[in-house]
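Notes for the structure review
Single-letter residue listing:
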Amino acid sequence: MTHLDCQGMQCPMPLIKMRQWLAQAVSPAQLTLVLDDPGSKQDIPRYLNKHHIPYEIGETSANKLTLVISSQSVNQCL
């Protein structure tokens, strides 16, 4: 499992970093993505849903969101 801490990064950098990982990931793989930017906390789950990329919501708080993203069948979606 890969861990990508995007705390302190403003949108769209977390989305760009996640897409780079998705493009290079070899299935099956998982990414733990940590976000604190309000825009990214809304945009990334929306992007994942739109592209049918499976994910689970991990740790959440007022300031932080953690997503666990699966790379299964991702390259077909990008």
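Report follows, based on the coordinates.

How each quantity is defined
- Residues numbered from 1 in each chain as written.
- Predicted model: local features only at pLDDT ≥ 70, side-chain atom pairs only at ≥ 80, totals over all residues.
- Heavy atoms only, no water.
- Helix = DSSP H or I, 4+ residues; strand = E, 2+ residues; numbered from the N terminus.
- Expected span 1.5 Å × (residues − 1).
- Buried < 20%, exposed > 50% of the residue type's maximum accessible area, 1.4 Å probe, protein only.
- Arc of directions from axis to C-beta.
- Contact = heavy atoms within 4.5 Å.
- Core = buried A, V, L, I, M, F, W, Y, C linked by side-chain atoms within 4.5 Å.

Here we take up helix α1 (residues 13-24). With twelve residues, α1 should cover 16 Å at 1.5 Å per step; its first-to-last C-alpha distance of 17 Å lies within 8% of that length. Of the positions making up α1, those classed as buried are Pro14, Met18, Trp21 and Leu22. Take α1 and look down its axis: the buried residues cluster within an arc of 100°, on one side only. Facing away from the buried side of α1 by over 90 degrees, the exposed positions are Ala23 and Gln24. Buried residues along α1 sit against β1 (2-5), β2 (30-35), α2 (38-50) and β4 (65-70).

Now for the nonpolar core. Looking at soluble globular proteins, one finds that nonpolar side chains tend to be buried together. Counting residues in each nonpolar core, the largest one holds 17 residues, and the members touching the most others are Met18, Leu33, Leu48 and Ile69. Counting only elements with at least two residues in this core, the list comes to α1, β2, α2 and β4.

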